[in-house]
Amino acid sequence: MAQHDNDALRIALAGALSLVIALGIGRFLFTPALPGMIADTALTAVSGGYLAAVNYGGYLLGAMLAMAVPSHRARSAFWIALWVSVVSSLLMGLSETFLPWAINRFLAGIASAIIMVNGSALVLGALPNHLRARLGNIHYAGIGLGISIAALTVALVEFLQGRYPFMWFSCGALALVFMAFLRVIPALPHASEHAHTRVPVNRKALGFLIASYSLAGFGYITSTTYLPVIAKQQLPGLDSAAFYTWLAVGLAAVPANLLWGKLASHTSERNALMMALVVQAVGVSAPAWLPGLAGLVTSGLLVGGTFTAVVALSMYCARQLAPHAASAALGALTACYGVGQILGPVVTAWLLERSGSFSPGLLGAAVALIGAAVLLMPLGKERF
């Protein structure tokens, strides 16, 4: 491999670590930590859902802010967001009440969206064209790696009989260490002088993609918010059930982008994305129709094996549809995804209060994911 390609690989790996910090820890550590927070404080599954929605509200605002960041400021915004993500994670361990948690989750949501949008633009923009799809998959694999790290850290803290603050402190400390490896991510290159040669934005295709991605945000979020809580509820006598189900999500997510990327190279990104959404619908609904550990692990594997791929494929498609307006396209996609994520926990919590079961929320989420796949059908002639 040439030196230039080695440099590109280092940038992709650094990008993966940035997503470990922002999403695996800053955003999704809340999921495996939630059962411990419920056990140790006055937090409930319902109020935990509202706390998750606050985080996704921050994600929506962060996506809009990221769209407004000029390209020459993208690296500065990226680094500020990294520090906000780390500090807000550490502060989660210093409170036992809803309001401070809500403030920190809101800030973490803003930071995670900026890192996802501006950080991904930095990483993908630094990769050569012939390696962008392959190394881009390594970049997005950081989400699954971060989820796995968070799950293992929570399990270790629980094994040592530590309380939830140590979960946040331990992962926050890891995030600080990972930040030392991110200096290799460069600023965005200057815009081309040949503006007249720019490819126009495919607005129709991008509109369908954004609509689909919005439903995808609504559909996957019930599992990634509540799966460990559902495990505790269905298997109260198996203390490790929550750990195994969430670890299944993380481990399945690590190789998922590479596998779905290979499928996309043979069937097109649109077809691979549709298939991933249908498989994810099966996974999200699994605990409703297959009770017990089998359904929980099936859910973890299928959701983990698809949700980061849905993100990566959608982001790749958006960048291809708007190659000279990548930050705006990724920001619009992320903002609409954020709207779906806000509604998901709120609707699920509302259904949980009225039915006493997670099943209605899980089935509704699965329907949304099927709808997301259907919205991509009109784009059959498009190869993203």
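No experiment lies behind these values; they were computed from the predicted model shown.

### Some words on unusual backbone geometry
Part 1: Residue Gln161 is not a glycine yet carries a positive backbone phi of 60°.
Part 2: Note on placement: Gln161 falls in the loop between α6 (132-159) and α7 (164-179).
Part 3: With a phi close to 95°, Ser268 is a non-glycine residue in the positive phi region.
Part 4: Tracing the backbone shows Ser268 in the loop between α9 (241-267) and α10 (269-289).

### Some words on the environment of Arg132
Part 1: One can find Arg132 in helix α6.
Part 2: By relative accessible area, Arg132 is classed as buried at 13%.
Part 3: Residues Arg132 and Ala8 lie 124 residues apart in sequence; the distance between their C-alpha atoms is 9.0 Å.
Part 4: Ignoring sequence-local partners within four residues, the contact set of Arg132 consists of Leu124, Gly125, Leu127 and Arg319.

### A look at the nonpolar core
Part 1: Met37, Leu209 and Leu277 are the most contacted members of the largest nonpolar core, which totals 126 residues.
Part 2: Here the element with the most residues in this core is helix α8 (residues 203-234); it accounts for 13 residues.
Part 3: Excluding anything up to four places from it in sequence, Leu209 contacts Leu273, Ser314, Cys317, Ala318, Leu321, Leu333 and Leu376.

### Re the packing of helix α4 (residues 74-91) against α7
Part 1: Their axes nearest at 8 Å, the elements α4 and α7 cross at an angle of 155°. The angle between α4 and α7 falls in the class roughly antiparallel. For the pair α4 and α7, the crossing hand works out as left-handed. Residues Trp79, Leu82, Trp83, Val86, Ser89 and Leu90 of α4 lie in contact with α7, whose contacting residues are Trp168, Phe169, Gly172, Ala173, Ala175, Leu176 and Met179.
Part 2: Class assignment for the residues of the contact of α4 with α7 results in eleven nonpolar, two polar and no charged.

What counts as what
- Residues numbered from 1 in each chain as written.
- Predicted model: local features only at pLDDT ≥ 70, side-chain atom pairs only at ≥ 80, totals over all residues.
- Heavy atoms only, no water.
- Helix = DSSP H or I, 4+ residues; strand = E, 2+ residues; numbered from the N terminus.
- Buried < 20%, exposed > 50% of the residue type's maximum accessible area, 1.4 Å probe, protein only.
- Contact = heavy atoms within 4.5 Å.
- Core = buried A, V, L, I, M, F, W, Y, C linked by side-chain atoms within 4.5 Å.
- Axes fitted to C-alpha atoms, helices over the stretch in contact; angles between N-to-C directions.
- Parallel < 35°, antiparallel > 145°, perpendicular 65-115°, else oblique.
- Left-handed = near helix turned anticlockwise from the far one by under 90°.
- Nonpolar A, V, L, I, M, F, W, Y, C, P; charged D, E, K, R; others polar.

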